[in-house]
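Structure assessment
Spelled out from the first residue to the last, the chains are:
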Number of protein chains: 6
Amino acid sequence: MRIALYPGSFDPVTKGHVDVAARAASLFDRLVIGVFDTPPKNLLFTTAERVKLMEEATAHLPNIRVQAYSSLTIEFARRIGAKFIVRGLRMGSDFEREFDMALMNCKMAPSIDTICLMSHAEYQFISSSLLKEAAQGGGDVSVFVPECSAKALLKKLKIKPGKKSTGTKK
Amino acid sequence: MRIALYPGSFDPVTKGHVDVAARAASLFDRLVIGVFDTPPKNLLFTTAERVKLMEEATAHLPNIRVQAYSSLTIEFARRIGAKFIVRGLRMGSDFEREFDMALMNCKMAPSIDTICLMSHAEYQFISSSLLKEAAQGGGDVSVFVPECSAKALLKKLKIKPGKKSTGTKK
Amino acid sequence: MRIALYPGSFDPVTKGHVDVAARAASLFDRLVIGVFDTPPKNLLFTTAERVKLMEEATAHLPNIRVQAYSSLTIEFARRIGAKFIVRGLRMGSDFEREFDMALMNCKMAPSIDTICLMSHAEYQFISSSLLKEAAQGGGDVSVFVPECSAKALLKKLKIKPGKKSTGTKK
Amino acid sequence: MRIALYPGSFDPVTKGHVDVAARAASLFDRLVIGVFDTPPKNLLFTTAERVKLMEEATAHLPNIRVQAYSSLTIEFARRIGAKFIVRGLRMGSDFEREFDMALMNCKMAPSIDTICLMSHAEYQFISSSLLKEAAQGGGDVSVFVPECSAKALLKKLKIKPGKKSTGTKK
Amino acid sequence: MRIALYPGSFDPVTKGHVDVAARAASLFDRLVIGVFDTPPKNLLFTTAERVKLMEEATAHLPNIRVQAYSSLTIEFARRIGAKFIVRGLRMGSDFEREFDMALMNCKMAPSIDTICLMSHAEYQFISSSLLKEAAQGGGDVSVFVPECSAKALLKKLKIKPGKKSTGTKK
Amino acid sequence: MRIALYPGSFDPVTKGHVDVAARAASLFDRLVIGVFDTPPKNLLFTTAERVKLMEEATAHLPNIRVQAYSSLTIEFARRIGAKFIVRGLRMGSDFEREFDMALMNCKMAPSIDTICLMSHAEYQFISSSLLKEAAQGGGDVSVFVPECSAKALLKKLKIKPGKKSTGTKK
């Protein structure tokens, strides 16, 4: 059975993430979406919230499981029996960092391979960080995220109204 | 009447910024330079100081107005009636982020277009962050900035003499 | 006598750094490795530790001296009589920032030239920041660093055991 | 009156070209689309055909004129009184060549400025050369080009049926 | 059953190609290596030779079949029932063209997905074109290619001895 | 004695080439400028002409010798005793190809190192191919090339007057 890990922060899950997950789900027998459990200093949502949003957004995909993890990504892959790590590539992503990561992982865990899926044209320019800046500035980002993320953003940003006037820089 | 917005942090204004502003001013009937009013944690100058320096540096250009703003950039553009957002492109700038921003803005505000001007050769390699590192390390950066910025940097860095010995990293 | 400066944070020294140092040492009569003495907020090792590790890692190279500095890099180069600054280029490095730095330095100190050495294939994908993330997550990074760095990382990360569970993000 | 030149080979005109032309037409008082009259060794359509297709594709835009030219682009701009040259930027385009061209033109004709419009998301990945490869291989490219280009491609490739089996390389 | 197509010119097959093929073979149930049957003007080997070399180089992989094709790549994928196209990504490859191709294919054949595998560190810098330049200049390239390719290059270049003195440009 | 090779086509020599040569001459004891003797199908000047123009343009530099060569670059380096190959890097150059070449050479000739000098700001955007296009279109390119090249271009393009009306494409 081919098991793959799709790791990320998913803060929150976007339509681009769901697209990559759906395509990876059709490529592998089982896909584990690993939500990285990191201290939330630069994140908007807690780990539990990010896991819950991802579960909602991928509920229609049968062979997917969402799971938080806090170890090294390749360690988590080993533990769940995943021989493949899935990454979504956007033109706007940092190729060099992707290569550094993939090749460092390959040195440390040669039996785990990195598989890249190119984001489809309509999701190429959805950057999570810009999206949060826009939402915090009061922009309507519902076109970029699943419905559950859109609602969660609205709710979260009401809770922190001081951030509402921040706007996007540059 | 064609109105454009040239947004940025301008911390402080460089010769490259003035060049882009002057060229944009000849392209549009009116140009509003939007100084983004952001909490100054990573900035050297206050919003009021950055507005004042930009006003001095562009005083010779008749159809320019400098204004601080704190909302989403596309909201500010709408409010001032600007149908165009102007960006200066340097080889050393982050194209991917520029594309992400332009295309996200385009989705959220289809009636506002992004216009890019390529920095001229002599301004291509003026990065605001490196420039501040150099000035803080005691370097003479007067060749890269208008006279008002050069004076303001000297004065500001005397006020914070502890920073003078920081130098440039790497 | 041709003297060159190889500046950096070296937090800690990697096999890639040693390779660049060795090649630069064969190109110049004397090579000073400048360890930038910066406040350690984002660094793992103190300046003294970074100097000591670099000295150990380059002990076999006769014409190398390791020295901490806190001034502007071009000022330090002038003070030690270096007419050349050496930089290692990785595919994964930030070319634009390298160009910005080299060309800004060239404007401020025309008599000092920047020399780039391309990292060899086996060191191309060693990024210091990813390496520290991996080590903090419990990964074995001894294949990427000299023995002294590997030992120092183990020791340092025992002292800060809270960081051990952080893992690599994304 | 602000006149701009939008130069290119347009072999044949794509939806991306029409989009850039329409946006430039709203930015300037008059837009001249310059079809470069080059020996057709690497081109599919003659200069006359490319002019005619562009005229059809932009017939709905009032302030546009299509014109062939064979001189240096900046000479043609001067002759028609254009102070601006318009370029469409795709993520997939060659930024470095664009910069080289813009900055060389700027040295040779300082009074003419280059204005870049970023292609909208749906046109970002339309490359003329890939499109022709696909059409020649029998692919349906009508989603990427205006109707007139689609028809012309079908007709042209019937005339050269030997090319139909070429396919896309790589 | 998951079938994938790995298309290319393979002129001749390199160790990097074999590595990508082996990894793709472990990811899919069946892998068809499609050798593009193109007029040999810029190629060193005929289509038949390129197929034979690829067959030799991948003889140890059970679920691989090598086949020439001359139609559009997505047409060939459809004909053989492949739902996936595999591409090897090198840092030195042309990302923009890869994205253009993947996204154009995705528009024309939405049911076929493109999967990218990053070349391993030791194969990152093997460019087929440079390799042929080096071989034609008399360089020993056996470290970059399988034994069958090395032999074929030697034989082929003896047949065309006039090319032997060409060397690598730049 | 440290000997270096600065190889290229130099068709014709530009101010950027002379700048790199002068800086390399101060870095090494002797610099050999290798003019690659390639069939002139894509070149404007013959090998003899290119050697002569380079000799004129670097006549003021004492430790430089200009020499044509037709073998593999690393073979030529070995023959003249050069342990270093010098390359000029422009932002507008093809980094990936530079890396591929340097790392392939390093595999085939480990004892020869590649040294990169970043072009100075004023020479960053001088591309030989664009320059020839501009000259052929009748543009005045004397600001980009040494006097000898400017004269040679004028003379050469008079001989081929048919090319004068070609202009720059795109």
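Definitions and limits used
- Residues numbered from 1 in each chain as written.
- Chains lettered and ligands numbered in written order.
- Predicted model: local features only at pLDDT ≥ 70, side-chain atom pairs only at ≥ 80, totals over all residues.
- Heavy atoms only, no water.
- Pairing = 2+ DSSP bridges.
- Helix = DSSP H or I, 4+ residues; strand = E, 2+ residues; numbered from the N terminus.
- Axes fitted to C-alpha atoms, helices over the stretch in contact; angles between N-to-C directions.
- Contact = heavy atoms within 4.5 Å.
- Buried area = accessible area lost by both parts, 1.4 Å probe.
- Salt bridge = Lys/Arg side-chain N within 4 Å of Asp/Glu carboxyl O.
- Polar contact = N/O pair within 3.5 Å; in protein donor to acceptor, adjacent residues only side chain to side chain.
- Parallel < 35°, antiparallel > 145°, perpendicular 65-115°, else oblique.
- Left-handed = near helix turned anticlockwise from the far one by under 90°.
- pLDDT = per-residue confidence, 0-100.
- Expected span 1.5 Å × (residues − 1).
- Buried < 20%, exposed > 50% of the residue type's maximum accessible area, 1.4 Å probe, protein only.
- Least-squares fit on C-alpha atoms with pLDDT ≥ 70 in both.
- Phe/Tyr/Trp six-rings, centres within 6.5 Å; stacked < 30°, edge-to-face > 60°.
- Right-handed = clockwise from strand over helix to strand, strands pointing away.

**Some points on the sheet that holds strand β3 (residues 64-69) of chain F**
Strand order in this open sheet of 10 strands is β3(C)-β2(C)-β1(C)-β4(C)-β5(C)-β5(F)-β4(F)-β1(F)-β2(F)-β3(F), and the pairing throughout is mixed. Among the strands making up the open sheet, the edge pair consists of β3 (64-69) of chain C together with β3 of chain F. Taken over all neighbouring pairs, the strand axes of this sheet differ in orientation by 30° on average, direction set aside. Across six bridges, strand β1 (residues 3-8) of chain F lies against strand β2 (residues 30-36) of chain F in parallel orientation. Pairing of Leu5(F) across the sheet is with Val32(F), part of β2(F). Relative to β2(F), helix α2 (residues 47-57) of chain F is tilted by about 150°, and along the sheet it contacts β2 and β3 of chain F.

**Some remarks on the interface of chain C and chain E**
Counting residues at the interface gives five residues for chain C and five residues for chain E. Here chain C meets chain E over a buried area of about 420 Å², counting both sides, of which 90% is carbon and sulfur. Among the residues of chain C in contact with chain E, Met91(C), Ala121(C) and Phe125(C) are the three that bury the most area, contributing 90% of the side total. Taken together, the links from chain C to chain E amount to zero salt bridges. Our count for the contact surface shared by chain C and chain E stands at zero residue pairs in polar contact (both at pLDDT 80 or more).

**A short note on the interface of chain E and chain A**
One frequent convention defines the size of an interface as the accessible area lost when the parts assemble. In this complex, chain E contributes 27 residues to the contact, which on the side of chain A involves 27 residues. For chain E, the biggest contributors to the area lost against chain A are Arg2(E), Phe99(E) and Met118(E); these three give 29% of the whole. Applying the counting criterion to the chain E and chain A interface returns four salt bridges. In this structure, the salt-bridge partner of Asp113(E) is Arg23(A), at a minimum N-O distance of 2.8 Å.

**Considerations on the packing of helix α4 (residues 95-108) of chain D against helix α5 (residues 128-136) of chain F**
Two elements in contact, α4(D) and α5(F), have axes separated by 10 Å at closest approach and are oriented at 45°. Between α4(D) and α5(F), the interaxial angle falls into the category oblique. Where α4(D) crosses over α5(F), the handedness of that crossing is right-handed. Side by side, α4(D) and α5(F) meet where Arg97(D), Asp100(D), Met101(D), Met104(D) and Met108(D) of the first sit next to Leu130(F), Leu131(F), Glu133(F) and Ala134(F) of the second.

**Looking at the confidence of the model for chain A**
All names here are of chain A. Model confidence for chain A is summarised by a mean pLDDT of 88, while 91% of its residues fall at 70 or above. For chain A, per-element mean pLDDT is lowest for helix α4 (residues 95-108), which scores 83, and highest for strand β3 (residues 64-69), which scores 98. Predicted as a complex, the structure gets a pTM of 0.88 and an ipTM equal to 0.87.

**Observations concerning helix α1 (residues 15-27) of chain E**
Residues and elements named next belong to chain E. Along its 13 residues, α1 runs 19 Å from first to last C-alpha, staying within 8% of the 18 Å computed at 1.5 Å per residue. The element α1 is largely enclosed, with a buried count of 10 among its 13 residues. Every buried residue of α1 is listed here: Gly16, His17, Val18, Asp19, Val20, Ala21, Arg23, Ala24, Ala25 and Leu27. The N-capping residue of α1, defined by a side-chain oxygen 3.3 Å from the backbone nitrogen of Gly16, is Thr14.

**Re the relation of the copies chain E and chain A**
Turning chain E through 180° and shifting it by 0.0 Å along the axis lays it on chain A, with an RMSD of 0.0 Å. One copy is carried onto the other by what is essentially a two-fold rotation axis. When each C-alpha of chain E is compared by its distance to the rotation axis, Cys116(E) comes out closest, at 2.4 Å. Here 100% of the interface residues in chain E have copies in chain A that are interface residues too; the copies meet face to matching face.

**Here we look at the sheet that holds strand β1 (residues 3-8) of chain A**
Taking strand neighbours across the sheet as the criterion, the 10 strands line up as β3(A)-β2(A)-β1(A)-β4(A)-β5(A)-β5(E)-β4(E)-β1(E)-β2(E)-β3(E) in an open arrangement whose pairing is mixed. Across the chains shown, the open sheet's two edge strands, defined by having one partner strand only, are β3 of chain A together with β3 (64-69) of chain E. Pairwise comparison of adjacent strand axes, ignoring direction, gives a mean angle of 30° for this sheet. Contacting β2 (30-36) and β3 of chain A, helix α2 (residues 47-57) of chain A crosses the sheet at an angle of about 150° to β2(A). Seen against the sheet, helix α4 (residues 95-108) of chain E touches β4 (84-89) and β5 (113-118) of chain A together with β4 (84-89) and β5 (113-118) of chain E and runs at an angle of roughly 175° to β4(E).

**Let's talk about the environment of Val66(E)**
Residue and element names in this part refer to chain E. With respect to the helices, strands and loops of the structure, Val66 is situated in strand β3. In this structure the C-alpha to C-alpha distance between Val66 and Gly138, which are 72 residues apart in sequence, comes to 30 Å. Not counting residues up to four positions away in its chain, the partners in contact with Val66 are Ile33, Val35, Val51, Met54, Glu55 and Thr58.

**Digging into the relation of the copies chain C and chain E**
Note on the copies: chain C fits chain E at an RMSD of 0.0 Å, the axial shift is 0.0 Å, and the rotation between them is 180°. When the interface residues of chain C are mapped onto chain E, 100% of them again lie at the interface, so the same face is used by both copies.

**Observations concerning unusual backbone geometry**
Here the bond from Asp11(D) into Pro12(D) is cis, since omega is -5°, no more than 30 degrees from zero. Within the fold, Pro12(D) resides in the loop between β1 (3-8) and α1 (15-27). We note that Phe10(A) has phi near 50°; this positive angle belongs to a residue other than glycine. Here Phe10(A) shows up in the loop between β1 and α1 (15-27).

**Some thoughts on the arrangement of the chains**
Spatially, chain C and chain D are disjoint, and the shortest separation between their C-alpha atoms is 12 Å. One finds no contact linking chain B with chain E; the least C-alpha distance across the pair is 12 Å.

**Description of the packing of aromatic side chains**
Residues and elements named next belong to chain C. Applying the stated criterion across every chain yields a total of 30 aromatic pairs over all chains. Judged by centre distance (5.2 Å) and plane angle (40°), the rings of Phe28 and Phe84 are tilted. Linking Phe28 in the loop between α1 (15-27) and β2 (30-36) with Phe84 in strand β4 (residues 84-89), this pair joins segments that are 56 residues apart in sequence. Residue classification places Phe28 among the buried residues on the basis of a relative accessible area of 1%. A relative accessible area of 6% means that Phe84 is categorised as buried.

**Structural notes on the pattern of salt bridges**
Using the criterion set out here, one finds 60 salt bridges over all chains in the structure. Across the salt bridge formed by Lys52(B) and Glu56(B), the nearest N and O atoms sit 3.6 Å from each other. With Lys52(B) and Glu56(B) both in helix α2 (residues 47-57), this residue pair falls four residues apart, about one helical turn. Judged by relative accessible area, Lys52(B) falls into the exposed class, the value being 53%. A salt bridge links Asp29(F) to Arg2(C); its shortest N-O distance comes to 3.4 Å. On the criterion of chain membership, the pair formed by Asp29(F) in the loop between α1 (15-27) and β2 and Arg2(C) in the segment before β1 (3-8) is interchain, its members lying in two chains.

**Re the pairing of strand β2 (residues 30-36) of chain E**
Residue and element names in this part refer to chain E. β2 sits mainly inside the fold: six of its seven residues count as buried. In this fold, the crossover linking strand β1 (residues 3-8) to β2 by way of α1 has right-handed handedness. Pairing analysis gives six bridges linking β2 to β3, with the strands arranged parallel. Looking across to β3, one finds that Gly34 is bridged to Gln67.

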